[in-house]
Amino acid sequence: MPTYQYACTNCGEQLEVVQKFTDDALTECPACQGRLRKVFNAVGIVFKGSGFYRTDNRSSTSSSTTSTSASKPATESKPAETSTPASPAPASTPAA
């Protein structure tokens, strides 16, 4: 539940009240029965966890990585391979 801050327009008393979103706003000061107004302050936002920065858990399919890899030809990034037989041919045995 959110905490709302109120200030009295008559006596200047300030109070914080925890209310539901569906609750009506307070209108009467508990100290002098004057008129209350809501006080709005800047709210600091903190993003916790991974995934909020460009370098956090980016997949390789993102547009920035595919554009840099697509600009290079495949032959430059990989040296040419020479073909060598995988295993020597088996020695044949003469039929007797």
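None of the values given here were measured: they were computed from a predicted structure.

Residues Y4, Y6, C8, L15, V17, C29 and L36 constitute the largest nonpolar core, which totals seven residues. Taken together, the elements giving at least two residues each to this core come down to strand 1 (3-8) and strand 2 (14-18). Sorting elements by how many residues they give to this core places strand 1 first, with three residues. Once residues within four sequence positions are removed from consideration, L36 is found in contact with Y6, A7, C8, L15, L26, T27, E28 and C29.

By the secondary structure assignment, E28 is in the loop between strand 2 and strand 3 (36-39). Between the C-alpha atoms of E28 and C8, which are 20 residues apart in sequence, the distance is 8.1 Å. With near-sequence residues (within four places) excluded, E28 lies in contact with Q33, G34 and L36.

Quick look at the sheet that holds strand 2 now. Pairing within the open sheet is antiparallel, and its three strands lie in the order 2-1-3. The open sheet has two edge strands, strand 2 and strand 3, and neither has a second partner. Ignoring strand direction, the axes of neighbouring strands in this sheet form an average angle of 35°. Sheet topology places strand 1 next to strand 2; five bridges connect them, and they run antiparallel. Its bridge partner lying in strand 2, Y6 is registered against L15.

A word on the packing of aromatic side chains. For the coordinates displayed, the defined rule picks out zero aromatic pairs. The ring of Y4 has K38 sitting right over it, with the charged end atom 4.2 Å from the ring centre.

The next point concerns the pairing of strand 2. Only one face of strand 2 is covered, namely the one carrying L15 and V17; the face carrying Q14, E16 and V18 has none of its residues buried. Where strand 1 hands over to strand 2, the hairpin turn is made up of five residues, of which G12 adopts a positive phi near 80°.

Cut-offs applied
- Residues numbered from 1 in each chain as written.
- Predicted model: local features only at pLDDT ≥ 70, side-chain atom pairs only at ≥ 80, totals over all residues.
- Heavy atoms only, no water.
- Core = buried A, V, L, I, M, F, W, Y, C linked by side-chain atoms within 4.5 Å.
- Buried < 20%, exposed > 50% of the residue type's maximum accessible area, 1.4 Å probe, protein only.
- Helix = DSSP H or I, 4+ residues; strand = E, 2+ residues; numbered from the N terminus.
- Contact = heavy atoms within 4.5 Å.
- Pairing = 2+ DSSP bridges.
- Axes fitted to C-alpha atoms, helices over the stretch in contact; angles between N-to-C directions.
- Phe/Tyr/Trp six-rings, centres within 6.5 Å; stacked < 30°, edge-to-face > 60°.
- Lys NZ or Arg CZ within 6 Å of the ring centre and 35° of its normal.

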